[in-house]
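# Structural overview for review
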Amino acid sequence: MFKIIKAITGAIFAFVLMFLTVIVYLNALRVMDFRTQRTHIRSLDAFYEDYETLDESVYTSFIMNSDLRLNEVRFIASHNSYKKNVPGIGFIAIGLGENFDEARSLRYETNTLTEQLIAGIRSFEFDIRYRQGNYDMVHVPLVDHRSHAIDFQLALEEVRRYSENHPNHLPITLLIEIKDDWMILDPFLDDYDEAAFDVLDNIIEVTLNEHLFRPSDMLNDDTLRDTIINDGWPTVEELLGKIIVIKHPSQYTTMYVERDESLMTLSMFPGVYANHVDKEYASFVVNNSPDVEIIRELVDQGFIVRTRSDANLEIDLERMQNALESGAQIITTDYFPNHNFINENHVVTFEDGYTIDLNPILEP
């Protein structure tokens, strides 16, 4: 009996030791990503010192005129724009905890934000989590947390650096998704409250500064929704050099907006889903399924719509075509130009490889 107890105790000890080793290893990767990001940000000084500013026209299919409005242009956007490949141990954990199809759908990574900007991407998706009074940018805590831009504020700084060195760039949109899934995997994650959103708005305001285009910058005496329907969006020319931050619709949208229902002091445009365009703050609409009829109706009303041309790394040419034909102004994909997939030639762009195009269903 003593030998059996000893064997069981030894097995438990070995399991606990292995578990703790995995936790330490995964957290070490997290620390490594913070260091890598800080080094990357410092390197941008030297990078831009001898850098020749890019001509935005190389990414566009059209000659811009002063009357062209933001909703009359469409952009190829990157999905989970910060992500590095899922760690091997994380892949196994997700496969065992969920299923291996789910794990395989996470086996991709992006380039750095600067590399994407240079490749013509002007629309990004950021997943952020509130952690110890700050914001991290990771996909899933612990198991799929590798990131080119793990510090959210430094990620904004990287985009701002590009904007500073390209003062006439076409408007950049950042879709910010507030994540709260799998919080059990990181005991240092915090719940969201009014103070958490005060911190978030402050980070965006301070970091992006004069580059930020806020809801207050286009509001008149009407609501944001009525302003868009009655007066329309600002022209692209008015938005050159600007960065627009959109809060992805979620259960936290009401909490975010109620801090100032006039929107005058908010840094982000509150996004909505298609069934909530009656909200007074409706402007950007997330409709990930590229339903052509639904999206065209939204675009005809004046809204800017984000849809996805692919999901879970599946290449679906019919879905991609629907996204391109729908009139959605932000078309998000994992297969943007210069993506990091090995042995994968599929790339989503507009005709002739452009990443920025006129909206085919709107008359400029």
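See the structure printed just above.
Here the structure is a predicted model, which means the values were calculated and not measured. (Residues numbered from 1 in each chain as written. Predicted model: local features only at pLDDT ≥ 70, side-chain atom pairs only at ≥ 80, totals over all residues. Heavy atoms only, no water.)

### Observations regarding the layout of surface pockets
Taken as a whole, the largest pocket holds about 760 Å³ of empty space. Elements that contribute at least two residues to the lining of the largest pocket include exactly α1 (2–49), α2 (88–97), β2 (123–131) and β10 (304–308). Among the residues making up the lining of the largest pocket, the classes are represented as 18 nonpolar, nine polar and ten charged. In this structure, the second largest pocket spans a volume of roughly 270 Å³. Taken together, 15 residues line the second largest pocket, and the ones lying closest to its centre are V257, E261, L263, E280 and Y281. Looking at side-chain class alone, the lining of the second largest pocket contains six nonpolar, four polar and five charged residues. (1 Å grid on protein atoms, 1.4 Å probe; cavity = no way out; pocket = protein on both sides within 12 Å on 5 of 7 lines; lining within 4 Å. Points joined across faces, edges and corners; volume = space filled by probe spheres on them. Helix = DSSP H or I, 4+ residues; strand = E, 2+ residues; numbered from the N terminus. Nonpolar A, V, L, I, M, F, W, Y, C, P; charged D, E, K, R; others polar.)

### Here we look at a nonpolar patch on the surface
A cluster of nonpolar side chains, contributed by I92, L96 and F100, occupies part of the molecular surface with about 300 Å² of accessible area. Structurally, I92 can be placed in helix α2. (Patch = residues over 30% accessible without salt bridge, like charges linked within 9 Å, V, L, I, M, F, W, Y side chains within 5 Å. Areas by Shrake-Rupley, 256 points an atom, 1.4 Å probe, with all protein chains shown as cover. Salt bridge = Lys/Arg side-chain N within 4 Å of Asp/Glu carboxyl O.)

### So, the environment of P234
Considering the arrangement of structural elements, one finds P234 in the loop between α7 (224–231) and β6 (243–247). Under the relative-accessibility criterion, P234 is labelled buried at 12%. Sequence separation of P234 and V140 is 94 residues, and the distance between their C-alpha atoms is 36 Å. The contacts of P234, once residues within four sequence positions are left out, are R69, L70, F213, M218 and L239. (Buried < 20%, exposed > 50% of the residue type's maximum accessible area, 1.4 Å probe, protein only. Contact = heavy atoms within 4.5 Å.)

### Some remarks on the pairing of β6
Counting buried positions along β6 yields five of five residues, so the element is predominantly enclosed. The alternating pattern of β6 places I243, V245 and K247 and I244 and I246 on opposite faces, both of which are buried. The pairing of strand β4 (residues 172–178) with β6 spans five bridges and is classified as parallel. Bridge pairing links L175 to I246 in β6. Bridge analysis of strand β5 (residues 212–213) against β6 gives two bridges, and the strand direction is parallel. Residue pairing across strands places L212 opposite I243, the latter belonging to β6. In this structure, β6 lies alongside strand β7 (residues 269–270), joined through two bridges in parallel fashion. What sits directly across from I246, in β7, is F269. (Pairing = 2+ DSSP bridges.)

### With respect to empty space enclosed by the protein
Using a probe with the size of a water molecule, rolled over the atoms, empty space left in the structure can be pinpointed. In this structure the tally under the stated criterion is one cavity of 30 Å³ or more. Put simply, the largest cavity is a space of about 40 Å³.

### Here's the deal with a negative patch on the surface
A surface patch of like charges, here negative, comprises D291, E293, E297 and D300. Position of E293 relative to the elements: it lies in helix α9 (residues 292–300). On the basis of relative accessible area, E293 is assigned to the exposed category, the value being 65%. (Lys, Arg positive; Asp, Glu negative; His and termini not counted. Charge placed at Lys NZ, Arg CZ, Asp CG, Glu CD.)

### Here's the deal with unusual backbone geometry
In this structure, N80 takes a positive phi of about 45 degrees despite not being glycine. Position of N80 among the secondary structure elements: in the loop between β1 (73–78) and α2. In the Ramachandran plot, Q132 falls in the positive-phi region, its phi being about 50 degrees despite a non-glycine side chain. With respect to the helices and strands, the residue Q132 is situated in the loop between β2 and β3 (134–136). Overall, the relative accessible area of 54% leaves Q132 in the exposed class.

### A short note on the sheet that holds β1
Spatially, the six strands line up as an open sheet ordered β8-β9-β10-β11-β1-β12, and their pairing is mixed. The open sheet terminates on both sides in strands that have one partner only, identified here as β8 (272–273) and β12 (356–358). Bridge count for strand β9 (residues 284–286) against β10 is three bridges, and the pairing is parallel. Residue pairing for β10: V285 is matched across the bridge by V305. The strands touched by helix α10 (residues 317–325) are β1, β10 and β11 (330–333); relative to β10, the strand with the most contacts, the crossing angle is about 170 degrees. (Axes fitted to C-alpha atoms, helices over the stretch in contact; angles between N-to-C directions.)

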